[in-house]
Amino acid sequence: HALHRLFMQLHGWQVMGLHAGGDTWDAASPVEALGERLPDDARRLFETRLKEYGLDLHELAVLAATLENMVHAEADVRLAATFQAVEQPMQGKQMNGSEADHVIDTYMASFVMGANLTSLSKEELLENERNILKYYPSWPETQGFLRQVQAQVMPNAGTFGFEEVSDAVAEIGEQYGRWQNSECVGLHQTLLEHEEHPNTGRIRLGDFYGLAVNHGKFQFSESVSYLRQLGALDESEPSNLRVMIPNWIYGPNNCLASSGYYAVCCIDVCDGYMNKLERELGSHDASAEQLLQVVAALPDPAADLGGKNHTVSPALQHRLKEIAEHHDGRVPIHGRLFAQWMHHVHPRWCPYPHMSGTIAPRRAEEQEAVTGMKVSAQSDEIRQHMEQSEGRKSSAPTDGMCSSMWSMEEELVDSVAHERAKTSREHNSGFARAGFRGLFFASAIISMVMALAKLITKDTLMDSVGSGTGKKPAFACVDIGQTYAV
């Protein structure tokens, strides 16, 4: 949960293995995020560590740095494939500016199309770059972004080798998610302009489809069954289906599978709001009264996008107190009930939290592979819902709730930690963690994680690509004493 939020807020990366994906948070595992490069014995050691003790803040930071460095290493492998495709040697020659631009454009064209560069032939890579404008209309803006980052990384450079281009590609990868989030903001604003009622965060399904049919917004065309799997469909009124705007925006339907480690997704505005809430509270839980004071004082989650503060309705104040009573007087802020409350307070920006196992959000290509069915709605389905919406509009909520979707089912991110804190308060003493973790064990796991953080050496990378054997690049161990700026 912590790593997922970190990478989403920093880079817009939804790292594989770190996202709940419709399941409980304890079903996600950072071991999965490390991928196949983690040896079996190290994997078992890591899993035991996580299960029995967990990771402290320093170890978590090392793991975050490890994942980021492994992403950079993967980018180098894919960049090497691009060098081969455009027939640029990786050693012995410096490129001019236009040649470097061509390499980066070719690399990025397949990146934004979600293609695995190492599995593409030379002809496929070059074809992606030639046809990118047809499939990705905002490509000229993307090229402007690429030139901007290149200038940041390589100011006043006249010639460029693999090392310099690799540095630029690494920085592009880190900045791209936040840059492309402007497209998400545009989609978000379009949907809000057609909201069924003000500040409900919902658009009627017929109006949603109408944006595709009448305004050329092809993105708004998912089938009812796919919207349901995404958790983006409000079916509280079966005769008036509505799309929950934040659930649709932040869903995997808007993610780009650009890497073997992560997908680039829309950045959750509500999660940024939670960061501020956590800083103000300085605790994982609080009383209902304290939360109401903090929420009233904080700016709207999307204040920079025109969102305005509003008071919490009496009905929602009552709901928050119910949640506190459910937890013996304290509201855990990392749980489903509080997230549900936040959705009703800020329905335009905070997604509705479904119970685990009730949805199965997947990217479009994954959904089609699993079901064998297209995720786009058929023309008959679209026409039917558009006709049903004509002249039909439900009455606006009057109790301060954005919908009747409310249940007192709770799921905590870390139920064990919550119970420990509760026990600590009851006994007026801090929970004592195991006094002896095993110093050798701790050192072994940290050393293992730090060893994985070594990037592929350029010589090894060049040998692997140049040989044409298709072997996986080798990772070298680093000295245990090496430190990371994390």
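Preceding this paragraph is the structure being described.
What counts, and where the lines are drawn
- Residues numbered from 1 in each chain as written.
- Predicted model: local features only at pLDDT ≥ 70, side-chain atom pairs only at ≥ 80, totals over all residues.
- Heavy atoms only, no water.
- Disulfide = S-S within 2.5 Å.
- Helix = DSSP H or I, 4+ residues; strand = E, 2+ residues; numbered from the N terminus.
- Buried < 20%, exposed > 50% of the residue type's maximum accessible area, 1.4 Å probe, protein only.
- Pairing = 2+ DSSP bridges.
- Core = buried A, V, L, I, M, F, W, Y, C linked by side-chain atoms within 4.5 Å.
- Contact = heavy atoms within 4.5 Å.
- 1 Å grid on protein atoms, 1.4 Å probe; cavity = no way out; pocket = protein on both sides within 12 Å on 5 of 7 lines; lining within 4 Å.
- Points joined across faces, edges and corners; volume = space filled by probe spheres on them.
- Nonpolar A, V, L, I, M, F, W, Y, C, P; charged D, E, K, R; others polar.
- Axes fitted to C-alpha atoms, helices over the stretch in contact; angles between N-to-C directions.
- Parallel < 35°, antiparallel > 145°, perpendicular 65-115°, else oblique.
- Phe/Tyr/Trp six-rings, centres within 6.5 Å; stacked < 30°, edge-to-face > 60°.

Engineer: Would you take a moment to explain the state of the cysteines for this structure?
Structural biologist: Between two cysteines, a covalent bond joining their sulfur atoms is known as a disulfide. Counted by the stated rule, this structure contains three disulfides. One disulfide bridge connects C255 with C265, the sulfur atoms lying 2.0 Å from each other. One disulfide, between C255 and C265, carries an S-S torsion of 115 degrees and so falls in the right-handed class. Note that C255 is positioned in the loop between helix 11 (245-249) and strand 5 (262-264) and C265 in the loop between strand 5 and helix 12 (269-281), a separation of ten residues in sequence. You'll find C255 and C265 in the same group, each marked buried. Two residues share a disulfide in this structure: C270 and C350, whose sulfurs sit 2.0 Å from each other. Sign of the S-S torsion, about 85 degrees for the bond between C270 and C350, identifies this disulfide as right-handed. Here C270, found in helix 12, pairs with C350, found in the loop between helix 15 (336-345) and helix 16 (364-371); they are 80 residues apart in sequence, far enough to count as distant. Looking at C270, the relative accessible area reads 8%, which means it is buried.

Engineer: Would you mind going over the sheet that holds strand 4 (residues 242-244) with me for this structure?
Structural biologist: Strand pairing within a sheet occurs via backbone hydrogen bonds; the two strands may be parallel or antiparallel. In space, the three strands of this open sheet follow the order 2-4-3, with antiparallel pairing throughout. Looking at which strands have only one partner, the edges of the open sheet turn out to be strand 2 (202-204) and strand 3 (233-234). In the sheet, strand 3 pairs with strand 4 via two bridges, with the strands oriented antiparallel. From the neighbouring strand, D234 faces strand 4, where its bridge partner is R242.

Engineer: Is there a simple way to think about the nonpolar core in this case?
Structural biologist: Burial of nonpolar side chains together is a common tendency in soluble globular proteins. Judged by nonpolar contacts, the single largest core of 51 residues is most densely connected at M108, V112, V165 and Y176. Considering every element that reaches this core, the biggest residue donor is helix 4 (residues 57-85), with ten residues. Residue contacts for V165: discarding those within four places in its chain leaves L79, F83, M95, A100, V103, I104, M154 and F160. Counting residues in each nonpolar core, the second largest holds 29 residues, with C184, L227, V243 and I382 among its members.

Engineer: Can you walk me through empty space enclosed by the protein in this structure?
Structural biologist: Taking a probe equal in size to a water molecule and rolling it over the atoms shows the remaining empty space. In total, this model carries four cavities of 30 Å³ or more according to the counting rule given. Taken as a whole, the largest cavity spans an internal volume of roughly 1,100 Å³. Of all the secondary-structure elements, those providing two or more residues to the lining of the largest cavity are helix 1 (2-11), helix 11, helix 12 and helix 15. Each pocket or cavity is described by its volume, and for the second largest cavity that value is around 140 Å³. Around the second largest cavity, the lining comprises 17 residues; the ones closest to its centre are V71, A75, Y107, F111 and Y262. Every element with two or more residues in the lining of the second largest cavity is listed here: helix 4, helix 5 (97-112) and helix 8 (162-192). If you tally residues by element for the lining of the second largest cavity, the top one is helix 4, at five residues. Considering only residue class, the lining of the second largest cavity consists of eleven nonpolar, four polar and two charged.

Engineer: For this particular structure, what's the right way to read the packing of helix 4 against helix 6 (residues 122-135)?
Structural biologist: Where helix 4 meets helix 6, the axes come as close as 9 Å, and the angle between the chain directions of the two elements is 90 degrees. When the axes of helix 4 and helix 6 are compared, the pair comes out roughly perpendicular. Residues A81, T82 and A85 of helix 4 lie in contact with helix 6, whose contacting residues are K122, L125 and L126. Within the contact of helix 4 with helix 6, the residues separate by chemical class into four nonpolar, one polar and one charged.

Engineer: Whenever I open this one, the layout of surface pockets confuses me. Can you help?
Structural biologist: Quantified by volume, the second largest pocket comes out at close to 1,200 Å³. Lining the second largest pocket we find 33 residues, and of these Y136, F218, Q219, N253 and N254 sit closest to its centre. Counting only elements with at least two residues in the lining of the second largest pocket, the list comes to helix 6, helix 8 and helix 16. Class assignment for the residues of the lining of the second largest pocket results in 20 nonpolar, eight polar and five charged.

Engineer: Explanation requested: the packing of aromatic side chains in the structure shown.
Structural biologist: Aromatic rings considered in pairs are described by the distance between their centres and by the relative angle of their planes. Per the stated rule, a full pass over the model turns up 13 aromatic pairs. The interplanar angle of 15 degrees and the centroid separation of 6.0 Å between the aromatic rings of F7 and W13 together place this pair among those described as stacked. A relative accessible area of 2% means that F7 is categorised as buried. We classify W13 as buried; its relative accessible area is 1%.

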